[in-house]
Amino acid sequence: MKKKKSGPSFNLKNIVVAQFILFLSAHCHALVVANKDDFTMKFDGRMFIDAAKYTNANDIDFGNDIIFRTLRIGAKGHYHYLDYQAELNYANDQFIARNVTIAFKPSTHWQIKIGQFKPYVSLEELTSSRYINFLERGIINTFVPSRRLGAGVHHFNHFGSNLDYTFSLGGFGSSIGNGSINGGEHSKNINGRSVLMHTLSDNCNSLLGISVSYTDVDSAGKIDYAPRPESGVTNIRLVDTDTINQSKYAILYNLESAIQLGPLSFQGEYMLNKIHRINNSSLSFNGFYFFTSYFLTSDNRILDKKSAAYKRVKPNHQWGAVEFVARLSYVNLDDGDIYGGHERNITVGLNWYWANYFRFMANVIKVNAKKNGIKTTPMIYTVRGQFDFG
């Protein structure tokens, strides 16, 4: 079992920081600067407050707590054909950079981006944390490369009236204030994603995508996969490969799919992660998640076809939208001489989209993890209050 840093704790210092961010939010959200040169800017941000209780924990101190899971503020806008964005996230008593980008749009179908941003891998990863259906992404997200400095090109177009597609390709290096990254600070990453979308009506569509990520490990040759049990409040990892030494490069293959039928939708991904080592041996880890979502109100998820990811739900009723969700996820970190364990999680949840920028979430997670013959089956009860703008 391993402890790693979590989000900022719910103490007086962080409450003051949160109040400052909210104060700045209230005064800056409406700020838009425009002049004859077509320059615009507006502030955006988000605040997630999470609480969690852990039971049946086999004497493991998961740490029942209330924390600021996310405190973030940023600015974005455009100037002629350029879009820009800069974000700071408050975590572990310090501000760190998140997305810091400049994007050039030579046409409505092309975008060229430079800066620090997410590699083009995984539907759930590329869907903003403001819009995902659960408090945390599925456990296989441990394989997905984190934000890095790099450059990428993204293309969006149509096949006829009801078929759309995207193609993205990126190359990345180190990161700005993003902590340690798998493969080392001097590792390199190349990734690509292609998605085909079929639309039957405004709220009925399907998506099928693939992505591949190649990470060239730096001279230290170290990789480590240690996912949380789909709860961001705890620091405990029930499955963990520990440091995999003498790693040469890693290749991640990802298959993603989603179907939306009005208020009912399904989404899933499968990942195969292969690590090649200096001694010519290789390791294979894999996992998947599958979930269903159903709106009890006359609402539905909204697919952004240009990015091939989901965007904000806008309630159709004055009192908001209510969504029921259920997910099965699994990861296997056992192979060769690595005994990282395997974990299967079952989650049910309820989301209340009170207004466009306010959301309340509740998840109940049944965890079934096993590592080195030791089985751990905690229950996790977790809730979130979420506010964002911009």
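Structure report, in brief. (Residues numbered from 1 in each chain as written. Predicted model: local features only at pLDDT ≥ 70, side-chain atom pairs only at ≥ 80, totals over all residues. Heavy atoms only, no water.)

### Description of the overall build of the protein
Secondary structure assignment for the protein yields two helices and 21 strands. When each of the 390 residues of the protein is scored for burial, the buried share is 52%. Counting contacts in the protein only where the partners sit at least 6 residues apart, residues at least 24 apart contribute 63% of the total. Here the protein has roughly 17,500 Å² of accessible surface; of this, 60% comes from carbon and sulfur atoms. (Helix = DSSP H or I, 4+ residues; strand = E, 2+ residues; numbered from the N terminus. Buried < 20%, exposed > 50% of the residue type's maximum accessible area, 1.4 Å probe, protein only. Contact = heavy atoms within 4.5 Å. Areas by Shrake-Rupley, 256 points an atom, 1.4 Å probe, with all protein chains shown as cover.)

### Considerations on a positive patch on the surface
Positive charge collects at one region of the surface, where Arg-344, Lys-366, Lys-370 and Lys-375 lie side by side. Lys-375 sits in the partly exposed class, given a relative accessible area of 49%. (Patch = residues over 30% accessible without salt bridge, like charges linked within 9 Å, V, L, I, M, F, W, Y side chains within 5 Å. Salt bridge = Lys/Arg side-chain N within 4 Å of Asp/Glu carboxyl O. Lys, Arg positive; Asp, Glu negative; His and termini not counted. Charge placed at Lys NZ, Arg CZ, Asp CG, Glu CD.)

### Some remarks on the pairing of strand β10 (residues 204–216)
Pairing of strand β9 (residues 188–201) with β10 involves 13 bridges; the strand directions are antiparallel. Along β10, the bridge assignment pairs Met-197 with Leu-207. Counting the residues between successive antiparallel strands, the hairpin from β9 to β10 contains two residues. With 13 bridges joining them, β10 and strand β12 (residues 247–261) adopt antiparallel strand pairing. Bridge pairing in β12 places Ser-206 opposite Ile-259. (Pairing = 2+ DSSP bridges.)

### A look at the packing of aromatic side chains
Per the counting criterion, the structure on display carries 20 aromatic pairs. Residues Tyr-289 and Phe-291 carry aromatic rings whose centres are separated by 6.0 Å and whose planes lie at 10° to one another, so their mutual orientation is stacked. Take Phe-291: its relative accessible area is 1%, and that puts it in the buried class. A ring pair is formed by Phe-295 and Tyr-353, whose centres lie 5.8 Å apart and whose planes are at 35°; its orientation type is tilted. Placement of the pair is Phe-295 in strand β14 (residues 282–295) and Tyr-353 in strand β18 (residues 338–355), with a sequence separation of 58 residues. In this structure Phe-295 comes out as buried when scored by relative accessible area, which is 1%. (Phe/Tyr/Trp six-rings, centres within 6.5 Å; stacked < 30°, edge-to-face > 60°.)

### Section: unusual backbone geometry
The phi torsion at Ser-122 lies on the positive side, around 80°, for a residue other than glycine. Turning to its location among the elements, Ser-122 is positioned in the loop between β6 (110–117) and α2 (123–126). Overall, Ser-122 belongs to the buried group, its relative accessible area being 2%.

### Some thoughts on the side chain of Ser-329
By the secondary structure assignment, Ser-329 is in strand β17 (residues 321–335). For Ser-329, the side chain forms a polar contact with the side chain of Glu-230, separated by 2.6 Å. (Polar contact = N/O pair within 3.5 Å; in protein donor to acceptor, adjacent residues only side chain to side chain.)

### Focus: empty space enclosed by the protein
By the definition in use, this model includes three cavities of 30 Å³ or more. In this structure, the largest cavity spans a volume of roughly 70 Å³. Every residue along the wall of the largest cavity is listed here: Arg-130, Tyr-131, Arg-312, Val-313, Tyr-353, Ala-355, Asn-356, Tyr-357, Phe-358, Arg-359, Gln-386 and Asp-388. Secondary-structure elements contributing two or more residues to the lining of the largest cavity are β18, β19 (358–371) and β21 (379–389). Per-class residue counts for the lining of the largest cavity are six nonpolar, two polar and four charged. Empty space within the second largest cavity amounts to approximately 50 Å³. Forming the boundary of the second largest cavity are Glu-124, Thr-127, Ile-132, Asn-133, Gln-267, Phe-291, Arg-301 and Tyr-310. Taken together, the residues of the lining of the second largest cavity break down into three nonpolar, three polar and two charged. (1 Å grid on protein atoms, 1.4 Å probe; cavity = no way out; pocket = protein on both sides within 12 Å on 5 of 7 lines; lining within 4 Å. Points joined across faces, edges and corners; volume = space filled by probe spheres on them. Nonpolar A, V, L, I, M, F, W, Y, C, P; charged D, E, K, R; others polar.)

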